[in-house]
Amino acid sequence: METITTFRNEPLRDFSEERNRSDMEVALSEVESLIRSKALHAAPIVAGRRREGEEPMQRRDPSNTSVVVGTTELASVKLAEEAMLSCLAGFPGWRARPFSERAAILQRAAGILKEKSAFLAALIVREAGKPWREADADVAEAIDFCAYYAQEMLRVGPARRTQDVLGEDNVLLYQPRGVAAVISPWNFPLAITCGMAAAALVTGNTVILKPAEQTGLIAHELARVFFDAGVPADALAFLPGRGETVGRFLVEHPSTALVAFTGSRPVGLEIAKAAAEVRPGQRGLKRVIAELGGKNAIIVDDDADFDDAIRGVLQSAFGFAGQKCSACSRLIVVGDAYEPFLARLAAATRDIIVSRAEDPSAFLGPVIDEESQARIASVIEAGEQQCPVLAQAVLPQEVSRSGTFVAPTIFRDVPSTSALWTDEIFGPVLACARAATFEQALEMAVASDYALTGGVYSRHPGHIEKAREHFRVGNLYINRSITGALVGRQPFGGFAFSGIGSKAGGPDYLLQFLEPRVVTENTMRRGFSPDLTS
Ligand code: NAD
């Protein structure tokens, strides 16, 4: 089998090493002193200039909501129009730059992100409430996206001859599409925002970057990294703003050529619909790339290694408090393994350490904000009316009082008709059910609107083979956890209601940001005039 890439990923920090721990501690105190001096501030950047927003939005630390981490100024629709004009004007110049130069800029961005990695991870800890390891992985993935898409651009960029034929020259080449609206979620505030923007930029599109309202500070750092790396002022606008106003405006704008969106299914569907409508002055169909949610299942076979499976299920279900599109939210255990596996899972869940994200021992931190906390709490409450609770971790009092924490909760015997089984919850909630056979488990796993990730723990080669064939999801993991896809190694993304894009961090991704052209020339040169050289 052919190997696709020799790309090398940015290593994750090993916090069992003193040096790495102390780097992170230093960075956390740096961020703490910026917070204390009220120095963290993100304002829109349009045409290279810092601009006033119309609405200052305070961001509170999810681990301790009495602390304001910083302020993001949300842009007005009027400023979004200015951003559009600037990026439209900047497009021809950026498109004309050789692709190798744009790739070199991304490489420089990767270098700057690496230099600032501890600071960026510490900011993610405080703004998004991600525990250390998760915050570090977010930064490493952003570095990978820049380096990988730079490398990919060098592969995709050169024009290629389609066939060797006498008397005719046929060349396939790619051109950028125009102004890209990049609309990102808060759950990978650096990596996903960076990945979509980097891909759009390196392919020669100009970018209006609209991050999620909750994580404007980290996105602002990213925009500064791109400018410092050499992205021209009129090739990128940083536009924090409300989704329903500024986000919608960008999607509907007749000059938007492409929307790169990662977020929830309802918003994704709305964007797909709004982008399909042709508006006065529009010059072409809009391309929409939409990476949406998941309702991902892990199957534990009756012969699975329980130690591995318990670790993998907990990591997949409760890493970053279940707020990953790839998270496991359904567990299917085969046959007689159901009761003993659930007994061990319950015991392990009660031992989970829930703490503030800046506490290095935290396995599970807070959820993103009060709105999410209330929503997840009501899902748990409704679930309790329908299904038995298998286990719930205990929230230490000082923790639950200070931030937006939700106790990780596991339900058992969940029927396939229950909302716990069908709907994305995006929090630390896991629904379990028993399957009589492995085949039935596979049927249950794929009976979902979503098709993002999935996992199987089994020692049965025949079952693993069946899973490879029938467990149709974007990313299937066998005998390991189902989160933490690495750029280049596990190109990431799903289908059905999980999205309509080619996999991020994979060999097809950049092509979505480009339009292919073919130029054919008759080279028999009848009537050719050698004098006309200029
Ligand atoms: P969200 O859909 O609420 O918001 C995402 C972005 O869309 C934000 O920037 C928001 O401001 C903007 N937005 C909101 N309404 C808009 C509108 N009408 N028009 C244009 N933009 C609008 O999602 P979220 O809560 O930030 O993120 C969580 C969701 O993202 C989950 O569903 C999760 O599964 C999904 N997600 C998917 C992937 C993936 O790769 N498939 C990765 C991460 C997150």
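Residues numbered from 1 in each chain as written. Predicted model: local features only at pLDDT ≥ 70, side-chain atom pairs only at ≥ 80, totals over all residues. Heavy atoms only, no water.

Asker: How would you sum up empty space enclosed by the protein? Please name residues and give values.
Answerer: Once rolled over the atoms, a probe with the size of a water molecule shows which space is left empty. Overall, the coordinates contain one cavity of 30 Å³ or more when judged by the stated rule. Volume-wise, the largest cavity comes out at about 80 Å³. Around the largest cavity sit 14 residues that line it, and Gly322, Lys324, Ala327, Ser329 and Phe426 are the ones nearest its centre. Residues belonging to the lining of the largest cavity are distributed by class as follows: seven nonpolar, five polar and two charged. (1 Å grid on protein atoms, 1.4 Å probe; cavity = no way out; pocket = protein on both sides within 12 Å on 5 of 7 lines; lining within 4 Å. Points joined across faces, edges and corners; volume = space filled by probe spheres on them. Nonpolar A, V, L, I, M, F, W, Y, C, P; charged D, E, K, R; others polar.)

Asker: Describe the sheet that holds strand 22 (residues 514-522), naming the residues involved and giving the relevant values.
Answerer: Strand pairs in the sheet, formed through backbone hydrogen bonds, run parallel or antiparallel to each other. Strands sit in the order 6-7-22 across an open sheet of three strands; the sheet is antiparallel. At either margin of the open sheet sits one strand with a lone partner, and together these are strand 6 (160-161) and strand 22. Across two bridges, strand 6 lies against strand 7 (residues 168-176) in antiparallel orientation. Paired with Arg160 across the bridge in strand 7 is Leu172. (Pairing = 2+ DSSP bridges. Helix = DSSP H or I, 4+ residues; strand = E, 2+ residues; numbered from the N terminus.)

Asker: Account for the site of the ligand, naming residues and giving values.
Answerer: Looking at the ligand, there are 28 residues lining it, with Ser184, Glu213, Ser264, Leu292 and Glu424 nearest. In the model, an oxygen atom of the ligand is placed 2.9 Å from a nitrogen or oxygen of the Trp186 side chain. Protein chains bury 90% of the 850 Å² of accessible surface belonging to the ligand in isolation. Mapping the ligand onto the cavity grids shows that it belongs to the largest pocket. Mapped onto the shell around the ligand, the elements with two or more residues apiece are helix 8 (243-252), strand 11 (256-262) and helix 9 (265-276). Among the residues forming the shell around the ligand, the class breakdown is 14 nonpolar, eight polar and six charged. (Near = heavy atom within 4 Å. Polar contact = N/O pair within 3.5 Å; in protein donor to acceptor, adjacent residues only side chain to side chain. Areas by Shrake-Rupley, 256 points an atom, 1.4 Å probe, with all protein chains shown as cover. Sits in = over half its atoms within 2 Å of the grid points.)

Asker: Go over the pattern of salt bridges with me, naming the residues and quoting the values.
Answerer: Inspection of the entire model under this criterion finds 28 salt bridges. In this structure, Glu17 engages Arg19 in a salt bridge whose closest nitrogen and oxygen atoms are separated by 3.3 Å. What makes Glu17 partly exposed here is its relative accessible area of 36%. The exposure class of Arg19 is exposed, given its relative accessible area of 55%. In this structure, a network of salt bridges that share partners links the residues Glu32, Arg36, Asp61 and Arg126. (Salt bridge = Lys/Arg side-chain N within 4 Å of Asp/Glu carboxyl O. Buried < 20%, exposed > 50% of the residue type's maximum accessible area, 1.4 Å probe, protein only.)

Asker: Talk me through the sheet that holds strand 16 (residues 409-411); I want residue IDs and the actual numbers.
Answerer: Here we have seven strands laid out as an open sheet, ordered 15-16-17-14-13-19-20, and mixed in their pairing. Both outer strands of the open sheet, strand 15 (389-392) and strand 20 (475-478), are each paired with one neighbouring strand and no more. The average angle at which neighbouring strand axes cross in this sheet is 20 degrees, direction not considered. Sheet topology note: the strand 13 (residues 296-300)/strand 19 (residues 453-457) ladder contains four bridges and is parallel. (Axes fitted to C-alpha atoms, helices over the stretch in contact; angles between N-to-C directions.)

Asker: Quick one: what's the story with the layout of surface pockets, residue by residue and with numbers?
Answerer: Approximately 1400 Å³ is the volume attributed to the largest pocket. Mapped onto the lining of the largest pocket, the elements with two or more residues apiece are strand 4 (55-61), helix 8, strand 11, helix 9 and helix 12 (370-386). Each residue belonging to the lining of the largest pocket can be placed in one class, and the counts come to 19 nonpolar, 13 polar and 16 charged. Here the second largest pocket is characterised by a volume of approximately 1100 Å³. Forming the walls of the second largest pocket are 50 residues, and the residues nearest its centre are Glu134, Ala137, Phe188, Lys324 and Gly484. Ranked by residue count, the leading element in the lining of the second largest pocket is helix 5 (residues 132-156), at nine residues. Grouping the constituent residues of the lining of the second largest pocket by class yields 23 nonpolar, 14 polar and 13 charged.

Limitation: the analysis is restricted to geometry and does not speak to function.
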